[in-house]
Amino acid sequence: MHERSIRLGLTFDDVLLVPKRSGVATRAQVDTRSRLTRRIEVAVPIVSANMDAVTESAMAIAMAREGGIGIIHRFLSVEQQVAEVRRVKRAESIVIDEPYQFGPERTVRDALAFMEEHGSAGLLVVNGAGQLLGLVTARDLLFANGGDETLASVMTPRERLVTAPPDVDPEEARTILHRHRIEKLPLVDASGRLAGLITSRDIRSRLKHPWATKDPKGRLRVGAAVGVRGDYLERAAALVDEGVDVLVLDVAHGHTEAALAALERLRERFPDTDIVAGNVATADGARDLIARGADAVKVGVGPGSTCTTRIVTGAGVPQLTAILDCAEAAAPHGVPIIADGGIRNSGDLTKALAAGASTAMLGNLLAGTEESPGALVIRNGRQYKTYRGMASLWAAARRQSLDRPVEDEDLSQIVAEGVEATVPYRGKAGDVLGQLVGGLRSGMSYCGARTIAELWERAEFIQITAAGWKESLPHDIEPA
Ligand code: XMP
């Protein structure tokens, strides 16, 4: 019989970061900029999880505005997922290239339904040649009776609109919007054709969120998940067409032949789109994904708060060790690691990054926020939101009820690897991120690190005992 050695696997609670001599005078001196993928930078190294109780467009918009990014989950029909991406990409931009447009003969009812569905506050009215005829805003429609009127009868006509040429300078556009106290500035070319739209809302948002994660057109960045089976290639193509910034190949065990083959196909078909692949928990897993072209590797097998993978299957690697191993393997290739799952506070976030991750993916901490999908539940006078693992029975049932199922699954055959739960309501995602980033900045300054790269260099972990952990928590006090 050959001898087997068993390695020790550690997780966040097993370690602390040793305080270092630090020249960082204030938290403001700490720069949390990092990379999500080879090419995409973020000011805040936090990603919202591609779970159906966490990230749809509202969360992705909030995350990108705050300097992080959200990944739209894949448990939607292709059309629905594409529509979520569209909402994020249209949420703000310097110039909206293709503003929503309707013909003058369309009814108020049509316009209201469209605006409701697309979350838009106005529509431009154009003729068949694309020439601008007028503008309708929610206000114009508010008092229309019945809804059968044509847009031509309620719009503000072209001659009363302030417009600008397509090449107007953004600063000049701002002055025009301000001078006329208007919200929307249609851009019109010499032949009267609509060529774009600038809104004061976008300008205000740009001033308010200078660190927002944006593409070169000034639109918020967003990612979207795809699976490894069924329609994943068509899904990916539709998402890329819509302008998605990053595809996330999302599978519980990312170190399988099926996942590697899917990654290879995605890489070949979409050479210009960044692809995140995962999940893995070993250096070999990370290396194999990188060899197939991954632009970032998502790490975590079983650490998530709703995961029962380790209990059901016996498989997994404690998350700190998984991050350390994968980061070491990925570093020579310049491929960032995303630490996915198990992060409960800013201390865990700092430890995950210090172990070599470039960003961290959060499910639980964001599931309770206003922007997560799903309703508030009130229990015993307290507010909660529902949260569930994507490998839970409920999630599998939802997948089956989709018009076009993502995967063919027979419920009786499902062995769930996740649970359903509720989490306390936590207010706005931006406030949760603010607290986390504040803690991270302090944590980095304890390590004497001004940047994430310095954190990787300077961080020193010390392994602790159960007594050390007990000492770390508040103790020997009575509740206030
Ligand atoms: P947290 O701890 O932030 O973790 O809630 C979020 C991550 O958990 C993973 N996830 C699952 N893992 N069974 C699992 O084993 C599941 O049903 C499940 N659902 C989500 C996923 O990686 C997510 O980002």
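Residues numbered from 1 in each chain as written. Predicted model: local features only at pLDDT ≥ 70, side-chain atom pairs only at ≥ 80, totals over all residues. Heavy atoms only, no water.

Enquirer: What's the story with the domain arrangement of the chain in this structure? I'm lost.
Expert: Many analyses report the size of an interface as the accessible area lost when the parts associate. As assigned here, the chain comprises domain 1 (12–92 + 220–467) and domain 2 (101–208). Computed from C-alpha coordinates alone, the two centres of domain 1 and domain 2 are separated by 38 Å. Counting residues at the interface gives five residues for domain 1, matched by five residues for domain 2. The largest share of the area that domain 1 buries against domain 2 comes from Arg87, Ala91 and Glu92, three residues that together contribute 79% of it. Remark: the boundary between domain 1 and domain 2 carries zero salt bridges. (Domains from an automatic or database assignment. Contact = heavy atoms within 4.5 Å. Buried area = accessible area lost by both parts, 1.4 Å probe. Salt bridge = Lys/Arg side-chain N within 4 Å of Asp/Glu carboxyl O.)

Enquirer: Whenever I open this one, the packing of helix H1 (residues 57–65) against helix H2 (residues 78–91) confuses me. Can you help?
Expert: Any two packed helices are characterised by the angle at which their axes cross and by the distance between the axes. Interaxial distance between H1 and H2 falls to 9 Å at its minimum, and their mutual angle equals 35°. When you trace H1 past H2, the crossing you get is right-handed. Residues Ser57, Ala60, Ile61 and Arg65 of H1 pack against Glu84, Arg87, Val88 and Ala91 of H2. Partitioned by chemical class, the residues of the contact of H1 with H2 number four nonpolar, one polar and three charged. (Axes fitted to C-alpha atoms, helices over the stretch in contact; angles between N-to-C directions. Helix = DSSP H or I, 4+ residues; strand = E, 2+ residues; numbered from the N terminus. Left-handed = near helix turned anticlockwise from the far one by under 90°. Nonpolar A, V, L, I, M, F, W, Y, C, P; charged D, E, K, R; others polar.)

Enquirer: Mind showing me how you'd approach the site of the ligand here?
Expert: Residues in contact with the ligand amount to 22 residues; listed here are only the nearest, Cys307, Thr309, Asp340, Tyr387 and Glu417. Separating an oxygen atom of the ligand from a side-chain N or O atom of Thr309 is a distance of 2.4 Å. Compared with its free state, where it exposes 520 Å², the ligand has 90% of that area covered by protein. In terms of residue class, the shell around the ligand is made up of eight nonpolar, 12 polar and two charged. (Near = heavy atom within 4 Å. Polar contact = N/O pair within 3.5 Å; in protein donor to acceptor, adjacent residues only side chain to side chain. Areas by Shrake-Rupley, 256 points an atom, 1.4 Å probe, with all protein chains shown as cover.)

Enquirer: Would you mind going over the sheet that holds strand S20 (residues 420–424) with me for this structure?
Expert: Taken together, the three strands give an open sheet; going across it, the order is S18-S19-S20, and neighbouring strands pair in antiparallel fashion. Single-partner strands in this sheet number two, and they are strand S18 (376–379) and S20. Put simply, the sheet's adjacent strands are angled 45° from each other on average, direction ignored. (Pairing = 2+ DSSP bridges.)

Enquirer: Help me understand the sheet that holds strand S9 (residues 156–157) in this model?
Expert: The four strands lie next to each other as S6-S7-S8-S9, forming an open sheet whose pairing is mixed. The sheet terminates laterally at strand S6 (101–102) and S9, the two strands that pair on one side only. Bridging between S6 and strand S7 (residues 122–126) involves two bridges; their strand directions are parallel. Pairing of Gln101 across the sheet is with Leu124, part of S7.

Enquirer: Sorry if this is basic, but what is going on with the state of the cysteines here?
Expert: Between two cysteines, a covalent bond joining their sulfur atoms is known as a disulfide. The full count for this structure, using the stated rule, is zero disulfides. Residue Cys326 stays outside any disulfide, its sulfur separated by 16 Å from that of Cys307, the closest cysteine. Residue class for Cys326 comes out buried when judged on its relative accessible area of 0%. (Disulfide = S-S within 2.5 Å. Buried < 20%, exposed > 50% of the residue type's maximum accessible area, 1.4 Å probe, protein only.)

Enquirer: Would you take a moment to explain a nonpolar patch on the surface for this structure?
Expert: Judged by side-chain polarity, Ile311, Val312 and Val415 come together as a nonpolar surface patch covering roughly 320 Å² of accessible area. The exposure class assigned to Ile311 is exposed, which follows from its relative accessible area of 74%. (Patch = residues over 30% accessible without salt bridge, like charges linked within 9 Å, V, L, I, M, F, W, Y side chains within 5 Å.)

Enquirer: Whenever I open this one, the pairing of strand S19 (residues 382–388) confuses me. Can you help?
Expert: Walk down a regular strand and you will see the side chains alternate between the two sheet faces. Two elements, S18 and S19, share four bridges in a ladder whose sense is antiparallel. Note on S19: the bridge partner recorded for Ile378 is Gln383. Linking S18 back to S19 in an antiparallel pair, the connection comprises two residues, with Asn380 at a positive phi of about 50°.

Enquirer: Looking at this structure, how should I read the pairing of strand S12 (residues 223–226)?
Expert: Neither face of S12 is exposed, since Gly223 and Ala225 on one face and Ala224 and Val226 on the opposite face are all buried. Examined bridge by bridge, strand S5 (residues 69–72) and S12 share two bridges and lie parallel to one another. The residue of S12 that forms the bridge with Ile72 is Ala224. Bridging between S12 and strand S13 (residues 246–250) involves four bridges; their strand directions are parallel. Bridged to Val226 within S13 is Leu249. Assessed by its sense of winding, the connection that carries the chain from S12 through helix H8 (residues 232–241) to S13 is right-handed. (Right-handed = clockwise from strand over helix to strand, strands pointing away.)

Enquirer: Explain the packing of H2 against H8 here, please?
Expert: Where H2 meets H8, the axes come as close as 9 Å, and the angle between the chain directions of the two elements is 25°. When the interaxial angle is binned, H2 and H8 end up roughly parallel. Crossing handedness for the pair H2 and H8: right-handed. Contact residues: Val78, Gln81, Val82 and Val85 in H2; Arg235, Ala238 and Leu239 in H8. Grouping the constituent residues of the contact of H2 with H8 by class yields five nonpolar, one polar and one charged. (Parallel < 35°, antiparallel > 145°, perpendicular 65-115°, else oblique.)

Enquirer: Help me understand H2, please; the structure alone is not making it clear to me.
Expert: Residues three or four positions apart in an α-helix share a direction because the helix packs 3.6 residues into each turn. Helix length check: H2 (14 residues) gives 20 Å between terminal C-alpha atoms against 20 Å at 1.5 Å per residue, within 8%. Three or more residues of H2 are buried, namely Val78, Gln81, Val82, Glu84, Val85, Val88, Lys89 and Ala91. (Expected span 1.5 Å × (residues − 1).)

Enquirer: Looking at this structure, I do not really get the nonpolar core. What am I missing?
Expert: Proteins that are soluble and globular tend to have nonpolar side chains buried together. One finds Ile46, Leu266, Val297 and Leu366 to be the most contacted residues of the largest nonpolar core, which totals 110 residues. Residues in contact with Val297, not counting those within four places in the same chain, are Ala277, Val280, Ala286, Leu289, Ile290, Val335, Pro336, Ile337 and Ile338. Counting 13 residues, the second-largest nonpolar core is a separate cluster that includes Tyr100, Val108, Leu141 and Leu151. (Core = buried A, V, L, I, M, F, W, Y, C linked by side-chain atoms within 4.5 Å.)

Enquirer: Before we go on, may I ask you to explain the pattern of salt bridges in this structure?
Expert: Proximity of charged atoms lets side chains of opposite charge pair with each other. By the definition in use, this model includes 29 salt bridges. Salt-bridge contacts for Glu92 lead to Arg65; the nearest nitrogen and oxygen are separated by 2.7 Å. Taken together, the residues span a long stretch of sequence, with Glu92 in the loop between H2 and S6 and Arg65 in helix H1 at a distance of 27 residues. By relative accessible area, which is 0% here, Glu92 ends up buried.

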